[in-house]
Protein chains: 2
Amino acid sequence: MIRIAIDCMGGDHGLPVTVPAAVAFCERQPGVRLLLVGRPDGIEAQLASAPADVRGRVSIVPASEVVEMDDPVEVALRRKKDSSMRVAATLVKEGQADACLSAGNTGAWMAITRYVLKMLDGIDRPALTASIPNGHGGATTVLDLGANVDCTAEHLLQFAIMGSALVSAVEQVERPRVGLLNVGEEVIKGNDVVKEAAEMLRASTLNFHGNVEGNEIFQDTVDVVVCDGFVGNVVLKATEGLARMISTMIRQEFRRTPLTMAAGVLATPVLNRFREQVDSRRYNGAALLGLRGVVVKSHGSADAYAFGWALQRAYDAVAGGLQERTALAVAQLTKRAEETRQ
Amino acid sequence: MIRIAIDCMGGDHGLPVTVPAAVAFCERQPGVRLLLVGRPDGIEAQLASAPADVRGRVSIVPASEVVEMDDPVEVALRRKKDSSMRVAATLVKEGQADACLSAGNTGAWMAITRYVLKMLDGIDRPALTASIPNGHGGATTVLDLGANVDCTAEHLLQFAIMGSALVSAVEQVERPRVGLLNVGEEVIKGNDVVKEAAEMLRASTLNFHGNVEGNEIFQDTVDVVVCDGFVGNVVLKATEGLARMISTMIRQEFRRTPLTMAAGVLATPVLNRFREQVDSRRYNGAALLGLRGVVVKSHGSADAYAFGWALQRAYDAVAGGLQERTALAVAQLTKRAEETRQ
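Remember, predicted model here, so these are calculated numbers, not experimental data.

(A) The domain arrangement of chain A, seen in detail. Residue and element names in this part refer to chain A. Domain boundaries assigned for chain A yield domain 1 (2–119 + 290–320) and domain 2 (127–280). Centre-to-centre separation of domain 1 and domain 2, based on C-alpha positions: 26 Å. Listed per partner, the contact involves 10 residues of domain 1 and 8 residues of domain 2. Taking both sides of the interface into account, the surface hidden between domain 1 and domain 2 amounts to around 640 Å²; carbon and sulfur atoms contribute 69%. Summed over the shared surface of domain 1 and domain 2, the result is 0 salt bridges. Counting across the interface, domain 1 meets domain 2 through 0 residue pairs in polar contact (both at pLDDT 80 or more). Of all the secondary structure elements, the ones that give two or more residues to the side of domain 1 that touches domain 2 are helix 6 (106–117) and helix 11 (304–319). Top contributing element to the side of domain 1 that touches domain 2 by residue count: helix 11, with 4 residues. Broken down by class, the residue content of the side of domain 1 that touches domain 2 amounts to 3 nonpolar, 4 polar and 3 charged.

In structure tokens:
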């Protein structure tokens, strides 16, 4: 049984999204037990129509406070000590859950999980990562996506180690190919941090492919793309924005005249399949790597469908042994780095 | 008459692309005179079938050397003093042309135009800029796209001034809205450089909208998006890669079964219109801002259609008075900045 603690209060929608998504996930996934954290009466109300089998695999864990989307990190961390976020992270800390998930305030979720769970030895900062579909039926794991705006070469190396461990665990790839995001014009071969990171990656035991350019995120060049959080966040949002624009443009084109509308009706199944493939809800669920426990962050605006994918991500991470693999990979690297220094 | 000097030797294809594109552009645009720079016999051969009217508006300017795509900047600048790039830039310098265009080695083109034309007073570094289509029929001007990987806040401010001047000139927008590319997660409000740049932009006379996130490049939030060259380059390439992937996916989806192929035939005109709208060739032609002259860079891989768009960009920049506007805007800012310091 894989046990996932869910902050049911977080996100733009809270209970009406998180609890139905949890119920649906339980129905799909017999090997899961869910710990629903939040206000018991609210959760109970949403569970009213859940099938008996599901009821048997969910428990309600009370939490009296809620971290709001605009709460400063200090408030979330210091003043709301019985928040649903804090309780969910504590369940992992105490070994009652294998993973925790929230759609709430990102900064608060990162600060709370870091405070409660602590960092792995050898990792300085947690990193947010997501899986971006490539054009070859697979996906590219990109990190960091916004947890760290200023990074040293050492941080980028740590991201590479954690990203590699994630892909090994979740996608069963033995030695994931790692690329370092860089610019491609001849003038400039990247800034100093990137150059130094490339050297460190080359000297590491990772399967380092070399530099990659922005377009290679969507090709099957590498399994893991490493970048600082500023670049990662901007790229992720830019590509989401473009995908949305293209979907809208296609819809508009088909609505232009009666003839194109007729063509659109015939093309509907095809366009639906396409839309499904690029539907960013399917890629919801960013793993927060580097902590002593599996932590997943859902988009705040996630609906039940998207939240279900984030649950799936948490489940897969636990099933694949993400925590053990990351800890082992990090320990090996730290040891190696120490040996090199001596 | 607007006079454009073209490095006919540059790019992956050279003469067979640049000269036919120049001829076609001349036919479309009666108000243009083109100076074709390169090996005279090669250019002449490509001009063989050009109509008499066009022949009357093109002149061949000989250049005995060619900067290769993999030439180091030093070689291009110091050893090839009669390169087609150098001659094209010199024509602008000497007032014989109003703009110059090359599809060659980006680093060499930047170094040569900077050396020959010099920077505007008050601008430290040239910036590469391009126009990215938004979902509202317009476009967003983004800079820098790779000329500068490490930027100070002052550089970002200069990019904003130059980008504003470009949009005013080419798109006739009186006070272009300027956005500063930043991350959106609550944890982090950007790195120190971006925070400082935001303050400087707020204090400037520019129409500063504030921070924007990656997805807003594709919305009609602002006219100009400012970022450092590392981020800009990665975002540009990532979005080009995604657009290509989506086009391929749609094609594949329509080829799946006989039924979807039939739907695809009916949908062809719609899909072609869509493909045309997202065709990156239409957005070819990056202006290199900050120099004492209009300089445009075409993609190295441009075909004649794409190269024609770069020519159009050079033409529009001259017609809109880009050079005068940029020089004026920069001079005003420099004056204002000096007054503030006193």
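Now that the structure is up, let's keep going.
(B) How the structure looks around the environment of Trp309 of chain A. Residues and elements named next belong to chain A. Mapped onto the elements of the fold, Trp309 is located in helix 11. Take Trp309: its relative accessible area is 28%, and that puts it in the partly exposed class. In this structure the C-alpha to C-alpha distance between Trp309 and Ser298, which are 11 residues apart in sequence, comes to 8.8 Å. Not counting residues up to four positions away in its chain, the partners in contact with Trp309 are Arg281, Arg282 and Asn284.

(C) The arrangement of helix 8 (residues 192–203) of chain A in detail. For helix 8 of chain A, which comprises 12 residues, the first-to-last C-alpha distance of 17 Å matches the rise-based estimate of 16 Å (1.5 Å per residue) to within 8%. Of all the residues in helix 8 of chain A, the buried ones are Val194, Ala197, Ala198 and Leu201 of chain A. On an axial view of helix 8 of chain A, the arc spanned by its buried residues comes to 105°, and they lie on one face. Looking at helix 8 of chain A, the residues exposed on the side facing more than 90 degrees away from the buried face are Asp192 and Glu199 of chain A. The inward-facing, buried residues of helix 8 of chain A abut helix 7 (153–171), strand 7 (177–181) and strand 8 (207–212) of chain A together with helix 9 (229–254) of chain B.

(D) Structural detail: the relation of the copies chain B and chain A. Superposing chain B onto chain A takes a rotation of 180° combined with a translation of 0.0 Å along the rotation axis, leaving an RMSD of 0.0 Å. Taken together, the rotation and translation describe the operation of a two-fold axis. A high fraction, 100%, of the interface residues of chain B reappear at the interface in chain A, so the copies pair face to face through one surface.

(E) Layout of the packing of helix 5 (residues 84–93) of chain A against helix 6 of chain A. All names here are of chain A. Interhelical geometry of helix 5 versus helix 6 gives an angle of 35° and a closest axis separation of 9 Å. Here helix 5 and helix 6 pass one another in a crossing that is right-handed. Along the contact surface, helix 5 presents Met85, Arg86, Ala88, Ala89, Thr90, Val92 and Lys93, while helix 6 presents Ala108, Trp109, Ile112, Thr113, Tyr115, Val116 and Leu117. Partitioned by chemical class, the residues of the contact of helix 5 with helix 6 number 10 nonpolar, 2 polar and 2 charged.

(F) Here's a closer look at a negative patch on the surface. A contiguous patch of negative charge on the surface is contributed by Asp192, Glu196 and Glu199 of chain A together with Asp150 of chain B. Among the structural elements, Asp150 of chain B can be located in the loop between strand 6 (139–143) and helix 7 (153–171).

The rules we used
- Residues numbered from 1 in each chain as written.
- Chains lettered and ligands numbered in written order.
- Predicted model: local features only at pLDDT ≥ 70, side-chain atom pairs only at ≥ 80, totals over all residues.
- Heavy atoms only, no water.
- Domains from an automatic or database assignment.
- Contact = heavy atoms within 4.5 Å.
- Buried area = accessible area lost by both parts, 1.4 Å probe.
- Salt bridge = Lys/Arg side-chain N within 4 Å of Asp/Glu carboxyl O.
- Polar contact = N/O pair within 3.5 Å; in protein donor to acceptor, adjacent residues only side chain to side chain.
- Helix = DSSP H or I, 4+ residues; strand = E, 2+ residues; numbered from the N terminus.
- Nonpolar A, V, L, I, M, F, W, Y, C, P; charged D, E, K, R; others polar.
- Buried < 20%, exposed > 50% of the residue type's maximum accessible area, 1.4 Å probe, protein only.
- Expected span 1.5 Å × (residues − 1).
- Arc of directions from axis to C-beta.
- Least-squares fit on C-alpha atoms with pLDDT ≥ 70 in both.
- Axes fitted to C-alpha atoms, helices over the stretch in contact; angles between N-to-C directions.
- Left-handed = near helix turned anticlockwise from the far one by under 90°.
- Patch = residues over 30% accessible without salt bridge, like charges linked within 9 Å, V, L, I, M, F, W, Y side chains within 5 Å.
- Areas by Shrake-Rupley, 256 points an atom, 1.4 Å probe, with all protein chains shown as cover.
- Lys, Arg positive; Asp, Glu negative; His and termini not counted.
- Charge placed at Lys NZ, Arg CZ, Asp CG, Glu CD.

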